Amino acid sequence: MSDSQPQQPFHSPRSGRGEGGGHGPAHGPAHGPSQSPSHGPSHLRGAGAASGNAAAAEATTLLLAGARLTDGRTVDVRLSGGRIQAVGTAGSLPAPALSRVDLGGYLLLPAPAEPHAHGDTALTADGEGPVSYTPDEVQRRATEAALLQLGHGATAVRSHVRIGDVHGLGPMEAVLQARRSLRGLTDLTTVAVPRLLTGVAGADGLAMLRDAVKMGASVIGGCPDLDPDPTGFLEAVLELADEHGCPVDLHTDGDDPARLARLAAMAGGLRPGVTIGPCGGLSRLPLDAATRAADQLAAAGVRVTCLPQGDCAALERRGLRTAPVRLLRAAGVRVSAGSGALRDAGNPVGRGDPLEAAYLLASQGGLRAGEAYESISSAAREAMGLPEVRVEAGFPAELLAVRGDRIAGVLSLAYSRIVIHRGRVVARTSAVREYCDSAVAVALDLPRQGRTEPGP
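Because the structure is predicted, anything quoted here is derived from the model rather than measured.

K.L.:
Lay out the overall build of the chain with the relevant residues and their values.
P.N.:
Per the secondary structure count, the chain includes 13 helices and 18 strands. Across the 456 residues in the chain, those meeting the buried criterion constitute 55%. Restricting to contacts in the chain with at least 6 residues of sequence separation, those with at least 24 account for 74%. Of the roughly 18,700 Å² of accessible surface on the chain, a fraction of 51% belongs to carbon and sulfur atoms.

Structure follows, in structure tokens:
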């Protein structure tokens with residue numbers, strides 16, 4: 001079996017209004033079957049393009065033909081202006097040949113979103129010597145990581161970025177530059193992650209956090225567990241978030257019920273909301289204590305992002321278990337799933353694949369396949385403050401087509417993928433499965449990942 005590498009689209013992004021904005025496709029027509037992708041961040045062009053390209057993108061119409069939906073229907077889906085314009089029975093929505101993508105054999109789903117990434121440290125596990133934090137190197141890593149995650153299907157990524165210490169705001173500036181260069185291809189948002197915020201040592205961290213928000217960090221984060229005064233850390237973060245109208249996304253192991261109770265009590269009134277994770281420590285608490293904590297988080301509207309593929313390095317320790325997702329969901333907590341570390345100190349073999357996170361929740365976390373997929377799509381988008389996506393007219397054209405006919409099968413063998421962001425195809429991964437002496441496979445009518453005719 002040969003398996004091709006994720007492919008990035010030939011066209012580079014040329015427009016975009018801002019972080020997490022709702023504008024339409026970046027430019028140009030959607031990719032047809034004959035177009036060849038090129039590779040690497042060097043093909044990105046930044047955001048300072050002519051407005052004519054953006055206008056052309058808004059006028060582009062793309063037809064997704066013969067796609068299967070989770071309810072079993074086979075439909076045509078027409079996209080225009082970055083949104084789903086119409087959904088009809090197969091063959092009912094004609095479109096010019098050049099703007100048609102044949103999705104026969106594919107399941108069409110709302111695209112995943114990645115609510116917990118670390119672009120500044122990604123792809124550092126194999127390096128020799130100290131990790132470089134020069135702006136160019138951090139920007140390269142953050143860009144490459146976002147493209148890898150895009151190839152897996154995540155059209156929006158929330159990246160936690162450490163600030164302070166000897167590197168200051170350099171990593172944040174570099175990831176923000178990566179965000180600008182990726183506009184129109186994927187939406188990259190940033191979380192400012194200070195180390196300390198209390199006492200004399202925390203004064204610089206608090207000042208730097210304020211500067212990070214002014215620079216463009218759209219979310220305030222950090223790890224109260226590592227501060228000598230966790231409650232003071234929370235107070236500082238929530239006060240600054242309230243002042244600037246920013247969401248909060250905090251790292252915590254969740255192994256201290258009293259600390260979780262204080263967090264719930266303090267965070268209850270904050271809008272646009274508070275997310276915590278990975279909360280693996282909740283699984284190590286006695287059942288009654290974990291249940292009380294889950295009830296308190298639900299009552300306060302605090303969301304949880306779990307990391308089924310393993311911890312990230314921000315907690316500076318490796319948790320033993322994933323958050324108790326079923327218990328949290330039963331209490332009414334909105335739970336999303338992230339990838340966490342992408343080949344860095346937190347997980348040297350991390351893949352950054354949302355579908356793998358969903359697979360683990362279905363295979364080990366006790367969720368149904370549809371519930372597991374929801375954790376990486378609608379729940380993840382909600383946690384990131386993004387608009388809801390459904391395969392229905394009027395919704396954003398943020399879609400993922402995966403070869404297969406049911407979610408369970410897709411989570412099991414998610415080889416071939418087509419990713420659609422703002423109404424255009426932005427990434428493809430194609431896989432071909434071959435057997436020696438394949439007459440036996442043909443006789444058994446085994447499913448094929450390959451195809452004999454040109455396709456999307």
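Still to come is the rest of the account.
K.L.:
Break down the pattern of salt bridges for me, with residues and values.
P.N.:
Per the stated rule, a full pass over the model turns up 21 salt bridges. The salt bridge involving D353 is made with R417; its shortest N-O contact spans 2.9 Å. Taken together, the residues span a long stretch of sequence, with D353 in the loop between β14 (335-337) and α9 (354-363) and R417 in strand β16 (residues 417-421) at a distance of 64 residues. In terms of burial, D353 and R417 fall into one category: buried. A single network of salt bridges, built from pairs that share partners, joins E137, R140, R141 and E144.

K.L.:
With reference to specific residues and values, describe the nonpolar core.
P.N.:
Ranked by size, the top nonpolar core spans 80 residues in total, and within it I276 and L355 carry the most contacts. If we skip the residues at most four places from it in the chain, I276 touches L250, T252, L260, L263, L297, V302, R303, V304 and T305. Counting 21 residues, the second-largest nonpolar core is a separate cluster that includes I84, F395, L399 and V425.

K.L.:
Can you break down unusual backbone geometry residue by residue, with the values?
P.N.:
For the bond running from G277 to P278, omega is 5°, close enough to zero to count as cis. Considering the arrangement of structural elements, one finds P278 in strand β12 (residues 274-278). A positive phi angle is found at L123, which is not glycine, with a value near 65°. Note that L123 resides in the loop between β7 (114-117) and α2 (135-152). Residue classification places L123 among the buried residues on the basis of a relative accessible area of 17%. Phi angles above zero are rare outside glycine, and R343 is one such case at about 55°. Inspection of the secondary structure puts R343 in the loop between β14 and α9.

K.L.:
Summarise the sheet that holds strand β13 (residues 303-306); cite the residues concerned and give the values.
P.N.:
Strand-to-strand pairing in sheets goes through backbone hydrogen bonds, with the strands running parallel or antiparallel. The strand order across the open sheet formed by 8 strands is β7-β8-β9-β10-β11-β12-β13-β14, and the pairing between neighbours is parallel. Two strands close off the open sheet at either side, each with one partner strand: β7 and β14. Averaged over neighbouring strand pairs, the angle between their axes works out to 25° when direction is ignored. Bridge count between strand β8 (residues 156-162) and strand β9 (residues 187-193): 7 bridges; the pairing is parallel.

K.L.:
Explain the pairing of strand β6 (residues 106-110) residue by residue, including any values.
P.N.:
Summarising burial for β6: 4 of the 5 residues are buried, a large majority. The pairing of β6 with strand β15 (residues 399-403) spans 5 bridges and is classified as antiparallel. Each bridged residue has a counterpart across the sheet, and for L107 the counterpart in β15 is V402.

K.L.:
Please provide a residue-by-residue account of helix α4 (residues 199-215), values included.
P.N.:
With 17 residues, α4 should reach 24 Å at 1.5 Å per residue; the first-to-last C-alpha distance of 24 Å fits that figure. For α4, the full list of buried residues reads G202, G205, L209, A212 and V213. Within α4, the buried residues cover an arc of 95° as seen down the axis, which keeps them to one side. When the buried face of α4 is taken as reference, the exposed residues oriented beyond 90 degrees from it are V200, D204 and K214. Residues of α4 that are buried sit in contact with β9, β10 (219-222) and α5 (230-244). Positive backbone phi, at 135°, marks G216, one or two positions downstream of α4.

K.L.:
Pulling in residues and values, what's your account of the confidence of the model for the chain?
P.N.:
Per-residue confidence for the chain averages 85 on the pLDDT scale, and 82% of its residues sit at or above 70. Confidence drops under pLDDT 50 across residues 1-56; counting only partners more than four residues distant or on other chains, this segment forms 135 contacts. Here residues 451-456 scores under 50 on pLDDT; set against residues more than four positions off or in separate chains, the count is 11 contacts.

K.L.:
Could you give an account of the packing of aromatic side chains, naming the residues involved and the relevant values?
P.N.:
Aromatic ring pairs are defined here through the distance separating the ring centres and the angle between the ring planes. This structure, assessed with the given rule, holds 0 aromatic pairs. The ring centre of Y133 lies 5.3 Å from the NZ or CZ of R141, which sits over that ring.

K.L.:
Please give an account of the side chain of D187 that cites residues and values.
P.N.:
Among the structural elements, D187 can be located in strand β9. Here the side chain of D187 touches R422 through a polar contact of 2.3 Å, side chain to side chain.

K.L.:
Residue-level account of the environment of A117, with values.
P.N.:
Its location among the elements puts A117 in strand β7. Separated by 224 residues in the primary sequence, A117 and A341 place their C-alpha atoms 6.6 Å from one another. Those residues within four positions of A117 in sequence are excluded, and the remaining contacts are Q149, V157, R158, S159, H160 and G340.

K.L.:
Please set out the packing of α5 against helix α6 (residues 257-267) residue by residue, giving values where relevant.
P.N.:
Viewed as axis vectors pointing N to C, α5 and α6 meet at an angle of 20°, and their least axial separation amounts to 11 Å. The orientation of α5 with respect to α6, classified from their angle, is roughly parallel. For the element pair α5 and α6, the recorded crossing hand is right-handed. Contact with α5, carried on its side by P230, T231, L234, E235 and L238, involves R259, R262, L263, M266 and A267 of α6 and no other residues of that element. Residues belonging to the contact of α5 with α6 are distributed by class as follows: 6 nonpolar, 1 polar and 3 charged.

Cut-offs and rules
- Residues numbered from 1 in each chain as written.
- Predicted model: local features only at pLDDT ≥ 70, side-chain atom pairs only at ≥ 80, totals over all residues.
- Heavy atoms only, no water.
- Helix = DSSP H or I, 4+ residues; strand = E, 2+ residues; numbered from the N terminus.
- Buried < 20%, exposed > 50% of the residue type's maximum accessible area, 1.4 Å probe, protein only.
- Contact = heavy atoms within 4.5 Å.
- Areas by Shrake-Rupley, 256 points an atom, 1.4 Å probe, with all protein chains shown as cover.
- Salt bridge = Lys/Arg side-chain N within 4 Å of Asp/Glu carboxyl O.
- Core = buried A, V, L, I, M, F, W, Y, C linked by side-chain atoms within 4.5 Å.
- Pairing = 2+ DSSP bridges.
- Axes fitted to C-alpha atoms, helices over the stretch in contact; angles between N-to-C directions.
- Expected span 1.5 Å × (residues − 1).
- Arc of directions from axis to C-beta.
- pLDDT = per-residue confidence, 0-100.
- Phe/Tyr/Trp six-rings, centres within 6.5 Å; stacked < 30°, edge-to-face > 60°.
- Lys NZ or Arg CZ within 6 Å of the ring centre and 35° of its normal.
- Polar contact = N/O pair within 3.5 Å; in protein donor to acceptor, adjacent residues only side chain to side chain.
- Parallel < 35°, antiparallel > 145°, perpendicular 65-115°, else oblique.
- Left-handed = near helix turned anticlockwise from the far one by under 90°.
- Nonpolar A, V, L, I, M, F, W, Y, C, P; charged D, E, K, R; others polar.

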